[in-house]
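# Structural characterization, general
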Amino acid sequence: ITDFTKAMSGFVRRCRKKNLSSESLDKLIGAHTSCTKAENLFLQVGQWIYSGYCQRLVANEKEDFDGLMWRAVGRVRNGETRFVRDKGRECGDVGKLRFVLVDEFQDFSEVFYKLVSAIQSRNSQVQFFCVGDDWQAINGFAGSDLSYFEDFNDYFENATKHTISTNYRS
């Protein structure tokens, strides 16, 4: 039961990271040919659990981290760049940022890329400083995609890449 629960939790997390609706997942599973009966059953149960999870989020007016990230992407894309937090004590506008530091860039994922792209679409002057170590890329299970790191110049125009070949931290 523990292993199944971990596998199913991972399945739901991956679906959320991909921002799949229940309908999108249904289509993907429908177009997929399972290799085994066990895989087919897992996908059927996963589809049912994922649909229920999404419905429960909506019914309880809740959101998980990935849902919040995708909501932020949508809001910035739609021009909502101002933010207020901590009961109004902190506010800002991502449309006016000059610099953004992205740490642990080797763990960058699609949702983070979409957020960065949305910010760039609202603020063409923003500059990104990304720091990462491909030797520490261990979060593929959590949705990170090393291709953003490896193909950095494809995702960021006019980028300059600097390599530090000596580890001064250790």
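Report follows, based on the coordinates. The shown structure was predicted, so the numbers you read here are calculated from the model rather than taken from an experiment. Along each chain, residues carry numbers from 1 onward, in the same order as the chain's sequence is written. Only residues with pLDDT of at least 70 are given local features in this predicted model, and only at 80 or more are side-chain atom pairs given and counted; all residues enter the totals for whole chains, interfaces and linings. Here the side-chain values reflect all heavy atoms present in the structure, with hydrogen atoms and water set aside.

Attention now moves to the overall build of the chain. Helical segments are the DSSP runs of H or I of at least four residues, strand segments are the runs of E of at least two, and each set is numbered from the N terminus. Looking only at helices and strands, the chain has seven helices and four strands in total. Secondary structure elements of the chain, listed N to C terminal, follow the sequence α-α-α-α-β-β-β-α-β-α-α. Each principal axis of the C-alpha atoms in the chain carries an extent, and together these give about 50 × 45 × 30 Å. Burial status follows relative accessibility: with a 1.4 Å probe on protein chains alone, a residue under 20% of its type maximum counts as buried, one over 50% as exposed, and anything between as partly exposed. The buried share of the chain, taken over its 170 residues, is 29%. Contacts: residue pairs with any heavy atoms within 4.5 Å of one another. Restricting the contact set of the chain to residue pairs at least 6 apart, pairs at least 24 apart contribute 72%. Note on areas: these come from Shrake-Rupley sampling with a 1.4 Å probe, and a residue is covered only by the protein chains present in the view. Total accessible area on the chain stands at roughly 12,500 Å², and carbon and sulfur atoms take up 52% of it. Measuring between centres, the 23 positive side-chain charges of the chain sit 6 Å from its 23 negative side-chain charges. Counted as positive: Lys and Arg. Counted as negative: Asp and Glu. His and the chain ends are not counted at all. Charged side chains are reduced to one point each, which is NZ for Lys, CZ for Arg, CG for Asp and CD for Glu.

Attention now goes to the pairing of strand β1 (residues 82-85). As judged from the four bridges shared by β1 and strand β2 (residues 90-93), these two strands associate in the antiparallel manner. Paired with R85 across the bridge in β2 is E90. Should DSSP find at least two bridges between two strands, the strands are taken to pair. Linking β1 to β2, which pair antiparallel, is a turn of four residues; within it D86 sits at a positive phi near 55°.

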